[in-house]
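Summary of the model geometry
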Amino acid sequence: MYKHELYKIFTKKSLYITFFLIVLLLVFSNSESMLDWVMKDEIYDELYQTHGGPVTEELELMVREQMRASDAGEVSVDQATGDVQFLVAMSGLNLEQLEERKEFLASKIETLDQTTHQYLEATKELEMLKELGNPYGFYLIQAWTGMMDLIEPFFSVVLIAIMILLGLSPIFAEDHAQKTIGLVLATKHGKKNLVTSKILASITYIGVVFISLHFTNFLIQLNGYGGLHGWNAPMQSLVNYPSDYSMSPFNLNVRQFYFIMLTVQFIAGVAFGVLVLCLSNLTKNYLMTFFVSGSILGLPFILRQIGLDHGFFKTFNLFSYLEFIRIERLFDQFRTFSFFGQPILYPTYLIGVFGLVTILLLGVLYYRSKHQQVTT
């Protein structure tokens, strides 16, 4: 039954056409930035020899003097050099802000009761910030940012969601449309195995889509930038990125962060896939499942566009499938939620919430399958 469900999914021509169009879009969207890098790669390599690595006070002062001379017209610099000088100067400012934040938290902790949530939260943040050391500087991480571009921006999330919706929306609805559900349920183990086989086939499909998209993007970035430079750079160096991670409290390098993002996004994809399966079972209609699931995914984006991102709506948007798959606001800053008085980091809390939601949806699927009557 599992193989049969896989066959039903992977024989849909629309999936291959959509995937091919997504690959073309990836190639086209990366071509301009990669051409720009190829034209400047030698300059960046030279700049890394003198400006690369963690920012120091001496390096920051030197760069600021160079920027002053450039602004005054005393010297002329190319765009790549100007970009690196600005990045180094900003790294110095970020390091100063980090030290100020640690001093503020240390002072705040001394004024708080050790039994309060505020004390526990401030202590947790200070401990995380102390582990960072000096995470700011100039690193060659273009290939890594290119690979992460497929994980985070809203448009990329839409592409992944479309593949999930196209593949999973018909899972139950198709059986009802073709009137084959009665034959399956009438078999000896039909009710017991039907849902399990569909869930396993769906997870397999999501895994294949996920690996295929990210591996394709990996090859594009590897070919464009000639290697995965800067894999050991702190994640706080991801400043010229769809999200600014300069103030992130997580002590991770870009390689570790990339694989954590991949893992979280795959879990989010599976959670969203289970929602699609549940709606497919409830509505018994492919188009209804597609549009309702898509609406649930896109609603937080619409709410933010019309200014509803505060109070209840802010919390609603943070705990949505969109934020879970997008990952953008999970790691960009220190953010916790209280769980019986204990501060729990936002990524951990979000995974826990959607873990419970997914278990509930799976329970609905099995319950409906168990009590579904065979009709003719």
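Predicted model, so just to flag it, every value in this text is computed and none were measured.

1. A look at the packing of helix H11 (residues 254–283) against helix H12 (residues 286–305)
Relative orientation of the contacting elements H11 and H12 amounts to 140°, with a least axis distance of 9 Å. Relative to H12, the element H11 is oriented oblique. For H11 against H12, the interelement crossing comes out right-handed. Contacts from Phe-272, Leu-275, Val-276, Leu-279, Ser-280 and Thr-283 of H11 reach H12 at Met-288, Thr-289, Val-292, Ser-293, Ile-296 and Leu-297. Of the residues in the contact of H11 with H12, the class split is 8 nonpolar, 4 polar and no charged.

2. Let's talk about the side chain of Glu-5
Topologically, Glu-5 is positioned in helix H1 (residues 2–10). Accessibility expressed as a relative area gives 3% for Glu-5, which makes it buried. Apart from residues lying up to four places away in sequence, Glu-5 is in contact with Leu-194, Ser-197, Lys-198 and Ala-201.

3. As for the side chain of Arg-335
Note on placement: Arg-335 falls in the loop between helix H14 (321–326) and strand E3 (336–339). Reaching out from Arg-335, the side chain makes a polar contact with the backbone oxygen of Arg-329 at a distance of 2.7 Å. Discounting residues that sit within four places of it in the chain, Arg-335 has contacts with Leu-318, Arg-329, Ile-344, Leu-345 and Tyr-346.

4. Section: the packing of aromatic side chains
The description of two aromatic rings rests on the distance between their centres and on the angle between their planes. Summed over all chains, the structure comprises 23 aromatic pairs. Judged by centre distance (5.7 Å) and plane angle (70°), the rings of Phe-10 and Tyr-205 are edge-to-face. With Phe-10 in helix H1 and Tyr-205 in helix H10 (residues 190–225), this pair connects stretches of sequence that are 195 residues apart. Taking relative accessible area as the criterion, Phe-10 reaches 25% and is therefore assigned partly exposed. Judged by centre distance (5.6 Å) and plane angle (45°), the rings of Phe-337 and Tyr-349 are tilted.

5. Here we look at the confidence of the model for the protein
When pLDDT is averaged along the protein, the result is 85; 88% of the residues meet or exceed 70. Across the protein, helix H5 (residues 117–130) holds the top mean pLDDT of 94, while helix H9 (residues 181–185) sits lowest at 56.

6. Some thoughts on the packing of helix H3 (residues 57–71) against helix H4 (residues 79–110)
One way to put it is that H3 packs onto H4 with a least axis distance of 9 Å and a crossing angle of 135°. Between H3 and H4, the interaxial angle falls into the category oblique. Crossing angle aside, the handedness with which H3 passes H4 is left-handed. Here Leu-59, Glu-60, Val-63, Arg-64, Gln-66 and Met-67 of H3 lie close against H4, whose contacting residues are Gln-85, Phe-86, Val-88, Ala-89, Gly-92 and Leu-93. Its residues assigned to classes, the contact of H3 with H4 comprises 7 nonpolar, 3 polar and 2 charged.

What counts and how
- Residues take numbers from 1 onward in each chain, read along the sequence in its written order.
- With pLDDT at 70 or above as the cut-off, local features in this predicted model cover only qualifying residues; side-chain atom pairs require 80 or more to be listed or tallied, and sums for whole chains, interfaces and linings still use all residues.
- Side-chain descriptors were evaluated using all non-hydrogen atoms of the structure, hydrogens and water having been removed beforehand.
- Lines are fitted to the C-alpha atoms to define the axes, a helix being fitted only along its stretch in contact, and any angle between axes, read from their N-to-C directions, falls within 0 to 180 degrees.
- A helix here means a DSSP run of H or I that spans at least four residues, while a strand means a run of E at least two residues long, and both kinds are numbered starting from the N terminus.
- To sort the angles, those under 35 degrees are grouped as roughly parallel, those over 145 as roughly antiparallel, those from 65 to 115 as roughly perpendicular, and the leftovers as oblique.
- Note on convention: the crossing is left-handed when the near helix lies turned anticlockwise from the far helix by less than a right angle, right-handed when the turn is clockwise.
- Only heavy atoms enter the contact rule, under which two residues are in contact if any of them lie within 4.5 Å.
- Classification convention: Asp, Glu, Lys, Arg as charged; Ala, Val, Leu, Ile, Met, Phe, Trp, Tyr, Cys, Pro as nonpolar; all other residues, Gly among them, as polar.
- To sort residues, take the accessible area from a 1.4 Å probe on protein chains only and compare it with the maximum for the residue type: under 20% means buried, over 50% means exposed, and anything in between is partly exposed.
- Pairs of N or O atoms are called polar contacts if they sit within 3.5 Å, as long as, within protein, a hydrogen donor faces a hydrogen acceptor (for residues adjacent in sequence, only side-chain-to-side-chain pairs).
- Working definition: rings of Phe, Tyr and Trp (its six-membered ring) pair if their centres are within 6.5 Å, and the pair is stacked with planes under 30 degrees apart, edge-to-face with planes over 60 apart, and tilted otherwise.
- On a scale of 0 to 100, pLDDT captures the predictor's confidence in every residue.

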